[in-house]
2 protein chains.
Amino acid sequence: MGAIATNTVILGDCIESLKKLPSKSVDLVFADPPYNLQLGGDLLRPDNSKVDAVDDEWDRFDSFETYDRFTTAWMSECQRVLKDDGAMWVIGSYHNIFRVGAILQTLGFWILNDIVWRKSNPMPNFKGTRFTNAHETLIWAAKGRGSRRYTFNYDAMKMANDDLQMRSDWTFPLCTGDERLKDENGVKAHPTQKPEALLRRVILASTKPGDIILDPFFGTGTTGAAAKQLGRKFIGLEREEQYATLARERIAKVVPLTEADLETMGSKRSEPRIPFGQIVESGLLRPGDMLYCSKGERSARVRADGSLVIGDMAGSIHKVGAMIQSAPACNGWTYWHFKTDKGLAPIDVLRMKMRSSLAQLAA
Amino acid sequence: MGAIATNTVILGDCIESLKKLPSKSVDLVFADPPYNLQLGGDLLRPDNSKVDAVDDEWDRFDSFETYDRFTTAWMSECQRVLKDDGAMWVIGSYHNIFRVGAILQTLGFWILNDIVWRKSNPMPNFKGTRFTNAHETLIWAAKGRGSRRYTFNYDAMKMANDDLQMRSDWTFPLCTGDERLKDENGVKAHPTQKPEALLRRVILASTKPGDIILDPFFGTGTTGAAAKQLGRKFIGLEREEQYATLARERIAKVVPLTEADLETMGSKRSEPRIPFGQIVESGLLRPGDMLYCSKGERSARVRADGSLVIGDMAGSIHKVGAMIQSAPACNGWTYWHFKTDKGLAPIDVLRMKMRSSLAQLAA
DNA sequence: TTCTCACGTGAATCTGTAG
DNA sequence: ACTACAGATTCACGTGAGA
């Protein structure tokens, strides 16, 4: 069997290109397919600026059926091209990930984990109509149910997570700043460029040095850049010449890391923020309970959503604290107290209690 | 139409029971369906070495098909039973959530968010073969694509998250300790009892007091307990008599919160509308008074009918505000200010004054 | 040089009601 | 069904100008 050509970007339709690749030839597939967003009209921010939406031609499908056919086609080709011990990652949002996951199961892939990418800086929901869409989902699946020899670098992952098992929820910022590729006018070159940190974790977790990684939706080549950096090989398929060119230029500049560099890559943890509402939801305080200032001469009532009430004033622990002191600001955590059998204690105590029960949450 | 019986647990097969419920009668469905594809026997055989690959594949396909048929059946009945402005939540793990999500989309439900429940204390992966499975996924969906009047208590959620929009990732501990129902031997009564805190957030976010919540997989009644506590009604369907009995006993002990404690931050959209003209009619402003933008460099004159004039432009506070900023839209209540002895104040202050005096008249 | 602050922007299924 | 219009609505972070 001749060696397959690697570290290359193949221009053309991804399904056509896949059909030309030999069976059982790659170790890992990473796929970031179109999400099939179904947007209405324009969306304006509160300051009346327009949101730059993903309305590209490649993300438009007639119907769920069309999208499903497309998904089945590229995915079954990937399955053929994968080695028997190989695995596949697919990333998506709620628009497409359920269809992707169901099709992948139906094709016989065996899901190993679903992984949540928590965005530390997501775009808000400008109209106040839903929860802030603050995550995307990745599915990690072995080629088949019988594949038990997929690669998982358990210890590397544990090391990267302060000696705790790596969990299924990962926190990374969006791809911004210098990492984000821009054209000569400073406009983003690709609407959906993924952060390299995300790809590095995927690659460190599920490949060995020298492995071949296939990305059928290569875009501007984040997978290739991360692969080269980490001493893996890649094959990228991309339809748009402009993206393929950018990807080649980008990857040419990447300097592979030394083994010593790889060892120092860890992730830091920070203290989780605890909203006051969660103290109430958890039952540490109950709606109707009273809070007091340190001397006890002012009191406020807790409501179910974590707001406080005094007379006809209502708001957050901070706002209500500031209002009754006529102060510009107030730290509600230290201002407000709750009754214990030993007297009044600041509600910050409850926050610390909550934190310690959540202590395993790493970044 | 006779009122539907609420605050009750109906014993029997969930699909049969659903068929007896009237159409368009409930406000919310919360469903925690079986995860493991083991419905009424075994859908998925344990891995069996004597079965060859082809048979195995057929077997697997057949299993998913059975699960999909079951899912389609209960879900389309739920869709029928929902009011047009109603919504549904489904919780699941990677074993079933992709099939659930895809079917729900195919049935015409319109996904509003997928929500990640991050477990603060998940069970570790003992064999070190995968990432710690540390989350479950909830899907929140409106009955149909056109339903824009689903309930979302944006302000209550924002309040519960320290004045920041609530995100799509929620962190709660597993249901343990006193909250976990045990039998007389101290063994957990139900294998997948959900934490009440999770249900409280679901209910606070997406229902109004008095709403009817249907749970077709009631189990030991977490949904009913949270609903009763928060002043909502429930209908629980449960197949196992033992669970239904436990649920009834559990819910009987729940003490509902008082109305005052249940009150949450309301949205501005639900407050009574005050036309600007009414501010002028009431004398809070007078025809001929000047209004200013926040920095004071633009001004407009108030006319008797509540219109504003600048030069030869005239119109509503919103129209004129938008025109002079060349903006597509403008909220005149916050854009325009009037002079007070302490400087400029937004005319929204006058609207609030008017609202509170109207509220006193009504009382 | 270093700090502050205004400004821009990211895979988005993003309004409600009266007539 | 449609149109018209009132009016509600944003978090984290990087950049760059100016103090």
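Now for a description of the structure that goes with this document. Everything quoted here is computed from the prediction, not taken from an experiment.

## Description of the interface of chain A and chain B
Then, number 1: Contact with chain A, which involves 83 residues of that partner, is made by 77 residues of chain B.
Then, number 2: When chain A packs against chain B, close to 7000 Å² is buried across both sides, 50% of that on carbon and sulfur atoms.
Then, number 3: Inspection of the region where chain A meets chain B yields six salt bridges.
Then, number 4: Arg-118 of chain A is the partner of Asp-169 of chain B in a salt bridge, and the nearest nitrogen-oxygen pair spans 2.7 Å.
Then, number 5: Of all the elements, strand E4 (residues 110-119) of chain A adds the most residues to the side of chain A that touches chain B, at nine residues.
Then, number 6: In terms of residue class, the side of chain A that touches chain B is made up of 36 nonpolar, 30 polar and 17 charged.

## A word on helix H6 (residues 222-229) of chain B
Three or four residues apart is the spacing at which side chains of an α-helix point the same way, because the helix has 3.6 residues per turn.
All names here are of chain B.
Then, number 1: Buried residues dominate H6, accounting for seven of its eight residues.
Then, number 2: Of all the residues in H6, the buried ones are Thr-222, Thr-223, Gly-224, Ala-225, Ala-226, Ala-227 and Gln-229.
Then, number 3: Trailing H6 by a residue or two, Gly-231 shows a phi angle of about 75°, which is positive.

## Observations regarding the packing of aromatic side chains
Then, number 1: As enumerated under the stated definition, the model contains 33 aromatic pairs over all chains in all.
Then, number 2: Judged by centre distance (5.1 Å) and plane angle (85°), the ring pair of Trp-74 of chain B and Phe-217 of chain B falls under edge-to-face. Of this pair, Trp-74 of chain B sits in helix H2 (residues 53-81) while Phe-217 of chain B is found in the loop between strand E7 (212-215) and H6, placing the two residues 143 residues apart along the sequence.
Then, number 3: Linked through ring pairs, Trp-89, Trp-140, Tyr-150, Phe-152, Tyr-154 and Trp-170 of chain A together with Phe-131 of chain B together constitute an aromatic cluster.
Then, number 4: Note that Lys-119 of chain B overlies the ring of Trp-117 of chain B, its terminal NZ or CZ placed 5.3 Å from the centroid.
Then, number 5: Across from the ring centre of Trp-170 of chain B, 5.1 Å away, lies the NZ or CZ of Arg-201 of chain B, which sits over that ring.

## Observations concerning the protein's contact with DNA strand D
Residue and element names in this part refer to chain B.
Then, number 1: Contacts to DNA strand D come from 28 residues, most closely from Tyr-154, Lys-158, Gln-165, His-318 and Arg-351.
Then, number 2: Atoms of DNA strand D within 4 Å of the protein belong to the sugar or the phosphate in 65% of instances, the rest to bases.
Then, number 3: With respect to DNA strand D, the side chain of Trp-333 contributes an N or O atom lying 3.0 Å from a phosphate oxygen.
Then, number 4: Elements supplying a minimum of two residues to the surface near DNA strand D: helix H4 (154-160) and helix H10 (317-325).
Then, number 5: Broken down by class, the residue content of the surface near DNA strand D amounts to 10 nonpolar, nine polar and nine charged.

## With respect to the nonpolar core
Then, number 1: One finds Trp-74, Met-88 and Leu-104 of chain A together with Trp-74, Met-88 and Leu-104 of chain B to be the most contacted residues of the largest nonpolar core, which totals 62 residues.
Then, number 2: Here this core takes six residues from H2 of chain B, the largest share from any one element.
Then, number 3: Excluding anything up to four places from it in sequence, Leu-104 of chain B contacts Met-75, Met-88, Val-90, Phe-109, Ile-111, Ile-139 and Ala-141 of chain B.
Then, number 4: In this structure, Tyr-150, Met-166, Leu-199 and Leu-257 of chain B belong to the second largest nonpolar core, which totals 43 residues.

## Section: the packing of H6 of chain B against helix H7 (residues 241-252) of chain B
All names here are of chain B.
Then, number 1: Running from N to C, H6 and H7 point in directions that differ by 20°, and their axes come no closer than 9 Å. In terms of their interaxial angle, H6 and H7 are classed as roughly parallel. As H6 runs across H7, the sense of the crossing is right-handed. Here H6 contributes Thr-222, Gly-224, Ala-225 and Lys-228 to the contact with H7, which in turn contributes Arg-250, Ile-251 and Ala-252.
Then, number 2: Each residue belonging to the contact of H6 with H7 can be placed in one class, and the counts come to three nonpolar, two polar and two charged.

## What about unusual backbone geometry?
Then, number 1: If you check the backbone angles, Lys-24 of chain A has positive phi at about 50° while not being a glycine.
Then, number 2: Position of Lys-24 of chain A relative to the elements: it lies in the loop between helix H1 (14-20) and strand E2 (26-31).
Then, number 3: Backbone geometry at Ser-326 of chain B places phi at a positive 55°, although glycine is not the residue there.
Then, number 4: Its relative accessible area of 68% is what places Ser-326 of chain B among the exposed residues.

## Comments concerning H7 of chain B
Residue and element names in this part refer to chain B.
Then, number 1: Helix length check: H7 (12 residues) gives 17 Å between terminal C-alpha atoms against 16 Å at 1.5 Å per residue, within 8%.
Then, number 2: Taken together, the buried positions of H7 are Tyr-243, Ala-244, Ala-247, Arg-250 and Ile-251. The buried residues of H7 occupy one face: seen down the axis, they fall within an arc of 130°. The exposed residues of H7 that point more than 90 degrees off its buried face are Glu-241, Gln-242 and Ala-252.
Then, number 3: On the buried face of H7, the contacting elements are strand E1 (8-11), helix H5 (196-206), H6 and strand E8 (233-238).

## Here we look at the environment of Arg-149 of chain A
Residue and element names in this part refer to chain A.
Then, number 1: With respect to the secondary-structure elements, Arg-149 resides in the loop between strand E5 (135-142) and helix H4 (154-159).
Then, number 2: Among the residues examined, Arg-149 registers a relative accessible area of 65% and is labelled exposed.
Then, number 3: In the structure, Arg-149 is positioned 103 residues away from Ala-252 in sequence and 33 Å away in space, judged by C-alpha atoms.

## With respect to the protein's contact with DNA strand C
Then, number 1: Near DNA strand C, the surroundings consist of 42 residues, among which Arg-45, Tyr-94, Lys-127 and Arg-180 of chain A together with Arg-148 of chain B are the closest.
Then, number 2: Within 4 Å of the protein, atoms of DNA strand C come from sugar and phosphate in 47% of cases.
Then, number 3: Contact between DNA strand C and Trp-110 of chain B: a base oxygen at 3.3 Å from a side-chain N or O atom of the residue.
Then, number 4: Tallied by class, the residues present in the surface near DNA strand C amount to 19 nonpolar, nine polar and 14 charged.

Calculation criteria
- Residues numbered from 1 in each chain as written.
- Chains lettered and ligands numbered in written order.
- Predicted model: local features only at pLDDT ≥ 70, side-chain atom pairs only at ≥ 80, totals over all residues.
- Heavy atoms only, no water.
- Contact = heavy atoms within 4.5 Å.
- Buried area = accessible area lost by both parts, 1.4 Å probe.
- Salt bridge = Lys/Arg side-chain N within 4 Å of Asp/Glu carboxyl O.
- Helix = DSSP H or I, 4+ residues; strand = E, 2+ residues; numbered from the N terminus.
- Nonpolar A, V, L, I, M, F, W, Y, C, P; charged D, E, K, R; others polar.
- Buried < 20%, exposed > 50% of the residue type's maximum accessible area, 1.4 Å probe, protein only.
- Phe/Tyr/Trp six-rings, centres within 6.5 Å; stacked < 30°, edge-to-face > 60°.
- Lys NZ or Arg CZ within 6 Å of the ring centre and 35° of its normal.
- Near = heavy atom within 4 Å.
- Polar contact = N/O pair within 3.5 Å; in protein donor to acceptor, adjacent residues only side chain to side chain.
- Core = buried A, V, L, I, M, F, W, Y, C linked by side-chain atoms within 4.5 Å.
- Axes fitted to C-alpha atoms, helices over the stretch in contact; angles between N-to-C directions.
- Parallel < 35°, antiparallel > 145°, perpendicular 65-115°, else oblique.
- Left-handed = near helix turned anticlockwise from the far one by under 90°.
- Expected span 1.5 Å × (residues − 1).
- Arc of directions from axis to C-beta.

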